[in-house]
Every structure is written in structure tokens, then in C-alpha cells.
Amino acid sequence: MSISVFCVMLRRKTIICLAVCIFLSSSVTYIAKAAQQENTVTVDVVTISIDKQFDAVRPGTKSALAVNFKLEKDWHFYASAQTAPGEMNLKVMPTGEKYIIFGEPVFPTPVIYFDKSTEQNLEVFSDNFTVYLPFSVKAEELSAPAEIPVLIEIEGAVCSDIQCRVPNFGKLSTTVKISNDASMTEPKFSVPPPSQAKPKI
């Protein structure tokens, strides 16, 4: 084999190896991002994450998910459907399969914000806040532990003093593990009662 032919073959192998490395690196990066986005997503000026009250729940019990919102400075969601422009108030809509039955979301107490575009005091959510999603589990014995997929759809305009945006948040995904012998002695958080207080000024 001549030296020139050997060099050509070596270059080809090097290119192939480089391509494989790039492909594997891209695949690992994609998997890492997908795993990160399963319970957390950042869209525009909003970062949203999900916490579970218990790692696993038993049939016939109650639990909750916590949807945590973190907004960049000077941005807010509208809290009330009655006062939000175009009824674009924040909506959090969970859906579960089979054994999971969701109740009404529990929103925090809103704050009063003077909206310059409408020249009105409106109720908003801003900074960091949490929306709780209580649910009950059907009282059915399971032959084996089950992972129930849950999708959470989020809608609403996010606004500042000078502009409003309507991001496509998509659907956040998580799972609820149901097991007959799940330990539910140490909740990660408590669900507050539905807010009946007046908005904070």
C-alpha cells in the first residue's frame, strides 16, 4: 500500500470518528435537556417547575402537585378573569389518567397593580409564586406500583409596564407514582386553603 493511499484511508477514518463523536455528543446533550425539561421549563421571561407533595401515594389518599413560577423582574400574570385584558388571566389546567382526579387549583393571594394601558388597578401575580394542584387517588388496590402520567397546560399573558406577550408554554409533564405501601408521613409542602383574602396593595 502506498503512503498516499494510506493517508487517504486515515483521513476518512478520522472524519468518520469525528462525525460519530459529534453525533454522540449531540445525543447526550439532547437527552440531558429532555430530562431537565420534564419537570422544568423556561419560556420567555418565565421559569416553571413542578414539585410533588409525596414521592409516592397510596390508593384512596389525597395529595398535590406544586407548580412554581419564577418571573423576571417587572413582569406579571393577570390573576382575575374579570379584569384581565381579553380574559388572558393565568390558567393552570392539569389532566391525569385512570386513578388521578384533580380538584380546583389553589392560587396565591394576588397583589394590586396599576395598569397604565387600562388606567385601572388590577389583580396580578408577580415575582415568585406557587399554584397548588390538589388531587385524590381512586381507592383501587394495585397488583403492582403504577406511574401515572400527568400533563399540565398553562395559559395566560405575561406583561410588563410597556408590553404583553402570550408565550406558548406547551404542556409540562410529570408522573404520580401509586403504590399500595407508599409512605406518606413526610410531605414536602402543605397546601394552603383557597385564597379568600383581599388582594395585597
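Coordinates for the structure precede this section.
Let us look at the structure shown here. Nothing here was measured: the structure is a model prediction, and the numbers come from that model.

### Here we look at the pairing of strand β2 (residues 46–52)
In this sheet, β2 lies alongside strand β1 (residues 40–43) in antiparallel orientation, the contact comprising four bridges. Directly across from T40, in β2, lies its bridge partner S49. Taken together, β1 and the strand that follows it, β2, pair antiparallel across an intervening segment of two residues, in which D44 is found at a positive phi of about 60°.

### Some thoughts on the sheet that holds strand β4 (residues 76–78)
Taken together, the five strands give an open sheet; going across it, the order is β7-β8-β4-β11-β12, and neighbouring strands pair in antiparallel fashion. Two strands lie at the open edges of the sheet, namely β7 (111–115) and β12 (164–165), each paired on one side alone. Strand direction decides the pairing type here: β4 and strand β8 (residues 120–126), joined by three bridges, are antiparallel. Within β8, the residue paired with H76 across the bridge is S126.

### A few points about the side chain of S80
By secondary structure assignment, the location of S80 is in the loop between β4 and β5 (91–96). Residue S80 is classed as buried on the basis of its relative accessible area, which comes to 10%.

Quick notes on the rules
Residues numbered from 1 in each chain as written. Predicted model: local features only at pLDDT ≥ 70, side-chain atom pairs only at ≥ 80, totals over all residues. Heavy atoms only, no water. Pairing = 2+ DSSP bridges. Helix = DSSP H or I, 4+ residues; strand = E, 2+ residues; numbered from the N terminus. Buried < 20%, exposed > 50% of the residue type's maximum accessible area, 1.4 Å probe, protein only.

Worth remembering: the numbers are spatial, not functional.
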